[in-house]
Amino acid sequence: MLDMQSVSKSYRHRGKTITALDDVTIEIPKGDFVAIVGPSGSGKSTFLLMFGGMLSPVSGSVLVDGQSLYDLTSNRRALVRREKIGFVFQTFNLVPYLTALENVQIPLFLAKLSDKEQRGRATALLERVGLGDRLDHKPSELSIGQQQRVALARMLANDPPIILADEPTGNLDPENAQSVQSFLKEANTEGRTIVMVTHDMRAAQIARRTLRLVDGKISNGTA
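Now for a look at the structure at hand. (Residues numbered from 1 in each chain as written. Predicted model: local features only at pLDDT ≥ 70, side-chain atom pairs only at ≥ 80, totals over all residues. Heavy atoms only, no water.)

Notes on helix α4 (residues 115–128)
The periodicity of an α-helix, 3.6 residues per turn, causes residues three or four positions apart to be oriented the same way. A rise of 1.5 Å per residue sets the reference length of α4, with its 14 residues, at 20 Å; its end C-alpha atoms lie 20 Å apart and thus fit the reference within 8%. Every buried residue belonging to α4 is among Q118, A122, T123, L125 and L126, and all of these are buried. Buried residues along α4 cover an arc of 165 degrees about the axis, so they all sit on one side. Pointing more than 90 degrees away from the buried face of α4 are the exposed residues K116 and E127. Along its buried surface, α4 packs onto α3 (100–110) and α5 (144–155). Just beyond α4, the residue with positive phi is G130, at close to 80 degrees. (Helix = DSSP H or I, 4+ residues; strand = E, 2+ residues; numbered from the N terminus. Expected span 1.5 Å × (residues − 1). Buried < 20%, exposed > 50% of the residue type's maximum accessible area, 1.4 Å probe, protein only. Arc of directions from axis to C-beta. Contact = heavy atoms within 4.5 Å.)

Laid out in C-alpha cells, this is it:
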C-alpha cells in the first residue's frame, strides 16, 4: 500500500511561495492503478517523487507498505526504492554509451547478481518488449519508441511491486503511446501497483481510477 497522511510541500520561487501539496491524505491499495491528472505545475511530479522516496514533505508522512519513508535513513530509503519501486520517466534516462542490454543490466548489477544472471534476465526483458534483436544497440541507434521500451524493460529488472510513471507517453507518437499503455495495463494485471502522472486523458483512461490534483489539493475524477 502507498499512503500519504496530511502531507504538505511548498517551494519558494522568485520570492513567492508555491504550494505543491496542501494537507494531502490518500491511500492507494496494493494492486491499484491510479492516474494523477491536473494542469502543468499543479504538483503532480512532486506527488510522485514523494512516493518514490526522493522528495521529503514539509509536514506529514509518506508510507510504503507501512514504512514511513522519510523516517528511514537515506541508505534504507534507497534500499526500499531498489527493492520495491520501478520508475518510468518521460525522458527515459538511458545511459547513452551503454547498449540496450547494458542499460537493463544496471539495476541487476546494483543488486549484485552474477553477470550470467544479469545477461539472462536483461535479455528476457528486452525480448518481452520486442527488442530481442536490438540488444547491442545504443540509445542513439534506437527510435524514440524503442528507447522507451528499453526503459520499461530496465524498470522491470528487479521485479518491483510498485511502478511510478511520470508522463510515460509524453514524448511518443500515438502508436508507441498505445504500446506503453498496454504494457502498464499488463503490469497491473500481474498485480503491480501503478501510479501514473499524465496530462493525456486517453492514457488516464487505462487506469482503474483517476485523481485530479489542482492547487495542492487532490480530488476524485477529472472534472
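The discussion continues.
Regarding empty space enclosed by the protein
Evaluated as defined, the whole model comprises one cavity of 30 Å³ or more. Approximately 40 Å³ is the volume attributed to the largest cavity. As for the largest cavity, its lining consists of L48, L49, M54, F87, V88, F89, L164 and D166. When contributions to the lining of the largest cavity are tallied by element, the ones reaching two or more residues are α1 (44–51), β6 (85–89) and β7 (162–166). Examining the composition of the lining of the largest cavity, we find that three residues originate from one element, β6, more than from any other. Looking at the lining of the largest cavity, its residues break down into seven nonpolar, no polar and one charged. (1 Å grid on protein atoms, 1.4 Å probe; cavity = no way out; pocket = protein on both sides within 12 Å on 5 of 7 lines; lining within 4 Å. Points joined across faces, edges and corners; volume = space filled by probe spheres on them. Nonpolar A, V, L, I, M, F, W, Y, C, P; charged D, E, K, R; others polar.)

Things to note about the nonpolar core
Residues L126, V150, I163 and M196 are the most contacted members of the largest nonpolar core, which totals 38 residues. Broken down by secondary-structure element, the contributors of at least two residues to this core are β3 (33–37), α3, α4, α5, β7, α6 (174–189), β8 (193–197) and α7 (201–204). Setting aside chain neighbours within four positions, we find I163 in contact with G86, V88, M155, L156, L184, A187, R192, T193, I194 and V195. Ranked by size, the runner-up nonpolar core spans 26 residues in total, among them L21, L55, I162 and V195. (Core = buried A, V, L, I, M, F, W, Y, C linked by side-chain atoms within 4.5 Å.)

Here's the deal with the packing of aromatic side chains
Under the criterion given, the structure shown has two aromatic pairs. An angle of 5 degrees between the planes, with centres 5.8 Å apart, marks the rings of F87 and F89 as stacked. (Phe/Tyr/Trp six-rings, centres within 6.5 Å; stacked < 30°, edge-to-face > 60°.)

Considerations on α1
Buried residues dominate α1, accounting for six of its eight residues. Just downstream of α1, G53 is the residue with a positive phi angle, here 75 degrees.

Notes on the packing of α3 against α4
Packed helix pairs are specified by the crossing angle of their axes together with the interaxial distance, meaning the distance between the axes. Closest axis-to-axis distance for the α3/α4 pair is 9 Å, and the angle between their directions is 125 degrees. One way to sum up the angle between α3 and α4 is to call them oblique. For the element pair α3 and α4, the recorded crossing hand is right-handed. Where α3 abuts α4, its residues A100, L101, V104, Q105, L108 and F109 lie against D115, Q118, R119, R121, A122, T123, L125 and L126. Of the residues contributing to the contact of α3 with α4, the split by class is eight nonpolar, three polar and three charged. (Axes fitted to C-alpha atoms, helices over the stretch in contact; angles between N-to-C directions. Parallel < 35°, antiparallel > 145°, perpendicular 65-115°, else oblique. Left-handed = near helix turned anticlockwise from the far one by under 90°.)

Description of the sheet that holds strand β2 (residues 16–28)
Ordered by their spatial adjacency, four strands build an open sheet running β2-β1-β4-β5, and the pairing between neighbours is antiparallel. Pairing within the sheet leaves two strands with one partner each, and these edge strands are β2 and β5 (67–68). Its contacts with the sheet place α1 against β1 (2–13), β2 and β4 (59–64), and it is angled at close to 125 degrees to β1. (Pairing = 2+ DSSP bridges.)

Looking at the environment of R134
As for its position among the elements, R134 is in the loop between α4 and α5. Given a relative accessible area of 26%, R134 falls into the partly exposed group. Considering only alpha carbons, one finds R134 and A111, 23 residues apart in sequence, at a separation of 24 Å. When sequence neighbours within four positions are dropped, the list of residues in contact with R134 reads A100, L142 and Q146. Within polar-contact distance, the side chain of R134 engages the side chain of D133 at 3.0 Å. (Polar contact = N/O pair within 3.5 Å; in protein donor to acceptor, adjacent residues only side chain to side chain.)

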